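Fold and geometry: a report
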Amino acid sequence: MTDNKREKEPFAVYSCADIPKVFSAKEWRTSNTLDIYPSADDVDGERERKESSIATPAFPTSTLRNVSICSLHCVAHRSKRQRNEVSQPASADGGDENADRGNWTGKLDFLLSGLGFAIGLGNVWRFPYLCYRNGGGAFLIPYVIMLGCAGLPLFFMELSFGQFASLGPITIWNISPIFKGVGYAMVVVSALVCIYYNVIIAWALYYLFASFTNVLPWTLCNQWWNTDQCGKTFGVNGTNVTLGVNGTNTTDFTRVSASHEFWTHKVLQLSSGIDKMGTVRWDLALCLLLAWIIVGACLIKGVKSSGKVVYFTATFPFVVLFILFFRGVTLEGAERGIRFYIIPEWSRLAESKVWGDAAIQIFYSLGLAFGSLATLSSYNKFHNNVMRDALIIAVGNCFTSIFSGFVIFSIIGHMSFMLDVPVDKVADEGPGLAFVAYPEAISLLPISTLWAILFFLMLLTLGLDSQFAMMETVITAVIDEYPEYLRPKKSIVVLGLCVIGYLLALPQTTSAGMYWLQLLDWYSAGFSLMVISLCLTIAIQYVYGMKRFSKDIKTMLGFEPPIYFKVCWVAITPALLLFILIFNIVQFNPVTYGDYEYPNWAEIMGLLMGLSSCLLIPLVAIIQVCRQKGSLLERIKAAAQPSPDWGPALEDHRQEMMKVYAGKYGVEVPLEGAPNKGADLPPDYTTATTLPRNDINVPFSVAGQMNGLPVVTKL
């Protein structure tokens, strides 16, 4: 036989190098008579990869059952992705393991990026408020329980999922194409959140620039944005005296703080409703433009650039938090706020709302179901200890939330003392805490300009880390779907997506911008995240299988996950996710902003926005089922099975996976009619007659009766 024109022999042994010369790609995939079996040398790795062989059975192939098991490293049966991503060992100087896609430069790059994503604005402006509202220190009990039973298992599962496949949140669903809609839903949620999250970063930039002055502008009551109700309150011999704009003492009107008027009338220039948009505010629009420029510049080179930026953005908030903590606890009246924050109300533990809030806070705080965790870990090297990283990030996130509470409430306690009002009158959450209560508290500190600059720098870096991760999720999802065309043009993709994000966010810089941001925040990442997480857990732990997923983790780490994770994945976590989903539905309230109630058309728009991501899951599932052949049940089964190219990206790692699976499934499966000793094998893998064609995911023994002859192939 010649190199280029070989006659197709029915009883031949072909090397991997010869296969493409003998069979066309189309013929290889569609042939009904070609039956492929891995040789023992293939699995044991005793021969070099280039010389590993694949043997056809020594009897007429036309009479065989349509069975095909392809070696994990047979180039002729690889998908386009597998043929492109050949084995590329890491260089001695710590270079990329996957040169085509890229890896984090160092282990700390991923760890800090994960910490930066998980530790966001919610740790500072939401957790402390939830803690005092739900029983103070008692709230920490359900919070830690929910972390252990739902947060940490889901966090570890998502990170392992991404690291194993080295793919974006859409393409990774080769694991079970029927669930590919989950990937699309993740990307939609991340994209929606990116649109309004950068507006919050723009606000932080606005306040940061406004802080570079001797007198902080939100302490003044004689500016054009102030009303007659603006005033500063000082405690005088136990009485409250309000100093109005004319310098007169009055007590006959409701005081509105100067910081509140600066926020409402100067920064937002808030209109009376969502339909009263007005014009784009040029100052906010420029801050928003700067925010998108920062994000684009840091992501333009992927993880190579963002992985270095996080060394500052992920660590600086901790520096500021520690500085503010030591300053806060030394302020007069700080103990008021701290007592208010930590004194437990044990009776509150009997309320379901406390447990529901704890579960939801863990969910949002860790950033589950956004697709960002799988995206970040997909740039890890294959054998990175992802379980260690998951523990560090999850526990670090929990610690930061609790520590932030001490920082926030020590200063709020001082504010309560200075204004001589109860702590609950100045405690707030969300933008109200970050841009009203806290700036006012800072204005009461000595050298207030310095503390204002540090605080808003902290808010900026907290927001940027989360924005980096969510934006990288969208970018990676787009590029990994069309790698041949888009990967060489990643800079253009990043630029295009940032421009689109900026244009879509511009309405939030108008006078009705706060109403639009609240609408997006309320619906874009609410119950949809619960649905996505539940589908993710079902797809990986039930459809793909917990045993198989554990073997995948063993391939990466050298050991299977502890029994704690396995029990949570298949029982406890799905039950808690269902509880959170039902709790959210029962506790659902229409969106509001203060006393403003949204019109019906805005409510409908918000609901459709929230449902848009969830509806993609069944829609894509139907499309995937329709693409298959056979009866409805056969189509569903085929769409649920992993695609032929599912598995690690690199060839060497696929061989490692094959050996790990061989250790579990490398037993002789009895002939048809004999007692089935292979009952612990995954579905459809117990006999040769039920094996799906072209599956290369789970290597195992093949046994069957072909043409009257028993055939057993051992791995």
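As recorded in an unreviewed UniProt entry, the chain goes by the name Transporter, listed as coming from Branchiostoma lanceolatum. Check the Sequence similarities (unreviewed entry) section of the UniProt entry for the chain; it says "Belongs to the sodium:neurotransmitter symporter (SNF) (TC 2.A.22) family."

**Description of the overall build of the chain**
Looking only at helices and strands, one finds 27 helices and ten strands in the chain. Taken across its 715 residues, the chain has 59% of its residues classed as buried. Counted over contacts in the chain with a minimum sequence separation of 6, partners at least 24 positions apart contribute 79%. About 28,600 Å² of surface is accessible on the chain, with carbon and sulfur atoms providing 63% of the total.

**Focus on the packing of helix H13 (residues 316-328) against helix H17 (residues 386-419)**
Axis separation between H13 and H17 bottoms out at 9 Å; the angle between their running directions is 40°. It follows that H13 is oblique to H17 by the angle criterion. The two elements H13 and H17 cross, and the hand of that crossing is left-handed. Contacts between H13 and H17 involve Phe318, Leu321, Phe322, Leu324, Phe325 and Gly328 on the former and, on the latter, Thr400, Phe403, Ser404, Phe406, Val407, Ser410 and Ile411. Residue composition of the contact of H13 with H17, grouped by class: nine nonpolar, four polar and no charged.

**Considerations on the UniProt feature "binding site: Na(+)" (unreviewed entry) in the chain**
In this structure's numbering, the residues bearing the UniProt feature "binding site: Na(+)" (unreviewed entry) are Gly116, Ala118, Asn123, Ser365, Asn397, Leu462, Asp465 and Ser466. Their sequence span is 351 residues, while the largest C-alpha to C-alpha distance among them is just 13.4 Å; these annotated residues converge on one region. Position of Ala118 relative to the elements: it lies in helix H5 (residues 107-118). Other than its neighbours up to four places away in sequence, Ala118 contacts Asn123, Ser365, Leu366, Ile393 and Asn397. A residue is classified by how much of its surface remains accessible, and Ser466, at 5% relative accessible area, is buried. Among residues more than four places away in sequence, those in contact with Ser466 are Gly116, Phe117, Gly120 and Tyr197.

Calculation notes
Residues numbered from 1 in each chain as written. Predicted model: local features only at pLDDT ≥ 70, side-chain atom pairs only at ≥ 80, totals over all residues. Heavy atoms only, no water. UniProt positions renumbered as here; feature names shortened; annotations may be inferred. Helix = DSSP H or I, 4+ residues; strand = E, 2+ residues; numbered from the N terminus. Buried < 20%, exposed > 50% of the residue type's maximum accessible area, 1.4 Å probe, protein only. Contact = heavy atoms within 4.5 Å. Areas by Shrake-Rupley, 256 points an atom, 1.4 Å probe, with all protein chains shown as cover. Axes fitted to C-alpha atoms, helices over the stretch in contact; angles between N-to-C directions. Parallel < 35°, antiparallel > 145°, perpendicular 65-115°, else oblique. Left-handed = near helix turned anticlockwise from the far one by under 90°. Nonpolar A, V, L, I, M, F, W, Y, C, P; charged D, E, K, R; others polar.

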